[in-house]
Amino acid sequence: MHNTAPFVSSIKKHPAQHESHAKHLSTSITILLWATLVAVLMAWNADGLTPTSLSRIMTALTPGENGCVIPLLTEETLMHPSADGITVTFVPGAAGTFAIAYGPSANPKLYRTVTKTASAKSQVAFRLDHLQSNHDYTYQVFCKETESAARLAPRPEQNFKTPPPSGQPLTFGYVTDLHFYSHWTDAIFKNLPWGLDIAEKTFENLTQHNLSFFVLGGDHANTHCPNCPGGTLNGITYEPDHALTAAQAELRYQVMLSPEYLGKVTKTLPFVYVLGNHEGETNPTINECGHSTANTLSSFTARQTYFANPYATFGGNPEGSYYSFETGDALIVVIDVMRYIPELPTSPEDWTLGTEQLVWLEDVLKNSDKKWKFIFGEHLDGGEKPNDSCYYYGRTSLRATDNNLLTGIFKGEQAEIQTLMETNVTPGGATFFMSGHDHVAMSPTEKLNADETGTGVFYVTGGKGAGKSTPAWTDIEAFREEMDWNYDNIPDYETPELGSEQAGFFKITIDGIRGVRFDYIGSSSINPGENNVTLF
């Protein structure tokens, strides 16, 4: 029953079900009233920057000219959107003092943050608070090289729009498995540009769909990168394979967030992130399969420098690897499947979120009345291993169960997570388990009870954001069977109305009238007819 871009009120019919057990997820939405914009965030402080001096600075510059002379290793990056705020972060290449002026686009200098002094190669993060939902805002970074400098000089203005309130349609993106460093080094050092070309199409396409934010799924920066080439560019050495120093790990974040690539998106479109197995952040005592204490600590240090930690805004754990937030009619939950395993798993039962994260997850799901709940993880907390790998790799599948059917009980700790999700489905709504890792995209499919009734929990496989070739495991018979969720002897990723092996991202639209719609937007640098169009 899938159409080309289905709402989840029309889920595919499995032969084993006989009748469609799809939930009709459309219900009326109670409109929440949001607080009105408060008065001025804080008074202009006495460092020479007033509304009048701001005007003088700007009239002396041509539009878009950069008056700030401090180089930035990564430029303005928007993260952690909430009902009334957003985080702006960047990393300067030299020491300086910074502030941000911001406000509604009609009055972009209405507010100004406090100033912050930062050393070179350290994160500068500002939280822009007291915003209104569904409004256009302008922000502008100002800097000066020394405290004694007469005034702050501006960088170019940037814009963003806040998410809509509850009761109004919300659209966000999910792009996973970019493997950016791998594709970038292939293009730069091996003259194999196709993967990077497709990544650039994905970045461009993300800006074309009026998204409120996007979820950057796991395996993006590739600080853990088996068989990645290395080389020297502009006097900088990029090491192959895994980053074993903080400096090398930081280079990978710098490249990915550069204004040529992901950075051209994140100045105006905020994101949140998921950690995957190739982010390198596993248990630091593990020293096998390319994971090591050095790789783990270097990867963690780099992420903490280049991505703002969501903990202060969204809670979760202090390391910022799992957290949650509510936006519009959705609950967004990010889990970490890699950090709390004592060793690399050799069976589904070895995977664990750890007691503390499991308790936190139950609390988050139980205490949210949002109709649509989304849990983002790298893969199942268990899964199957249909291909050779140096540990139990946790391929995601609805058939990773005791009877190899959608009606079975999940192997490993995923069974407990499934119970948590089922128990806390909001009446009239649904919960979605969103995963990457497998590099194929598959549409929402409902987990079934033993009697073939629906559970209200749907699984979505996220595809890949870059790359031309299909992974080798898609030709392995065991994997093909695991990803055949309607038992027709064809994996769903090879059925055009159900999935795809092509690169792209999910565009997810929550509509109070119709439910939740999933469009997989293709990315192609070769065939324009397959680029920036809905594939299923």
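These figures come from a predicted structure and were not determined experimentally.

**Some remarks on the overall build of the chain**
For the chain, the helix and strand inventory stands at ten helices and 23 strands. Here the chain holds 536 residues, and 60% of them are scored as buried. Within the chain, contacts between residues separated by at least 24 positions form 70% of all contacts whose residues are at least 6 apart in sequence. In the form shown here, the chain has an accessible surface area of approximately 19500 Å², with 51% of it arising from carbon and sulfur atoms.

**Focus on the environment of Leu 152**
With respect to the element layout, Leu 152 can be found in the loop between β7 (136–144) and β8 (153–154). Taking the C-alpha atoms as reference points, Leu 152 and Ala 99, separated by 53 residues in sequence, lie 8.2 Å from one another.

**Overview of the layout of surface pockets**
As a volume, the largest pocket reaches approximately 810 Å³. Together, 36 residues line the largest pocket, and His 179, Ser 182, Pro 226, His 439 and Trp 473 are the ones closest to its centre. Top element by residues in the lining of the largest pocket is helix α2 (residues 180–190). It accounts for four residues. When its volume is computed, the second largest pocket comes out at roughly 320 Å³. What lines the second largest pocket is a set of 17 residues, and nearest its centre among them are Lys 161, Asn 210, Leu 211, Thr 268 and Leu 269. Elements that contribute at least two residues to the lining of the second largest pocket include exactly β7 and β9 (158–161). Of the residues forming the lining of the second largest pocket, the biggest block, three residues, is contributed by β9. Its residues assigned to classes, the lining of the second largest pocket shows six nonpolar, nine polar and two charged.

**Description of a nonpolar patch on the surface**
A cluster of nonpolar residues, Leu 192, Trp 194 and Ile 526, forms a patch on the protein surface that exposes about 280 Å² of accessible area. Mapped onto the fold, Leu 192 is located in the loop between α2 and α3 (194–206). The exposure class assigned to Leu 192 is partly exposed, which follows from its relative accessible area of 31%.

**Side note on the side chain of Thr 223**
By the element assignment, Thr 223 lies in the loop between β11 (214–216) and β12 (231–233). Setting aside residues up to four positions removed in sequence, Thr 223 forms contacts with Asp 241, His 242, Ala 243, Ala 249, Arg 252, Tyr 253, His 278, Glu 279, Gly 280, Asn 295 and Ser 299.

**Quick look at the state of the cysteines**
By the definition in use, this model includes three disulfides. Disulfide pairing is shown between Cys 68 and Cys 143; the S-S distance is 1.8 Å. Judged by the sign of its S-S torsion, about 115°, the cystine formed by Cys 68 and Cys 143 is right-handed. Taken as a pair, Cys 68 in the loop between α1 (51–59) and β1 (72–79) and Cys 143 in strand β7 lie far apart in primary sequence, 75 residues in all.

**Re the sheet that holds strand β16 (residues 330–334)**
An order of β15-β16-β17-β18-β20-β19-β21 is seen for the seven strands of this open sheet, with the pairing classed as mixed. One side of each edge strand has no neighbouring strand; the edge strands of this open sheet are β15 (323–327) and β21 (499–500). In this structure, β16 lies alongside strand β17 (residues 372–377), joined through five bridges in parallel fashion. What sits directly across from Ile 332, in β17, is Phe 374. Those strands touched by helix α8 (residues 355–366) are β15, β16 and β17, and its axis lies near 175° from that of β16. Each of β17, β18 (430–435), β19 (441–448) and β20 (454–462) is contacted by helix α9 (residues 414–423), which is oriented at about 120° to β20, the strand it contacts most.

How each quantity is defined
- Residues numbered from 1 in each chain as written.
- Predicted model: local features only at pLDDT ≥ 70, side-chain atom pairs only at ≥ 80, totals over all residues.
- Heavy atoms only, no water.
- Helix = DSSP H or I, 4+ residues; strand = E, 2+ residues; numbered from the N terminus.
- Buried < 20%, exposed > 50% of the residue type's maximum accessible area, 1.4 Å probe, protein only.
- Contact = heavy atoms within 4.5 Å.
- Areas by Shrake-Rupley, 256 points an atom, 1.4 Å probe, with all protein chains shown as cover.
- 1 Å grid on protein atoms, 1.4 Å probe; cavity = no way out; pocket = protein on both sides within 12 Å on 5 of 7 lines; lining within 4 Å.
- Points joined across faces, edges and corners; volume = space filled by probe spheres on them.
- Nonpolar A, V, L, I, M, F, W, Y, C, P; charged D, E, K, R; others polar.
- Patch = residues over 30% accessible without salt bridge, like charges linked within 9 Å, V, L, I, M, F, W, Y side chains within 5 Å.
- Salt bridge = Lys/Arg side-chain N within 4 Å of Asp/Glu carboxyl O.
- Disulfide = S-S within 2.5 Å.
- Pairing = 2+ DSSP bridges.
- Axes fitted to C-alpha atoms, helices over the stretch in contact; angles between N-to-C directions.

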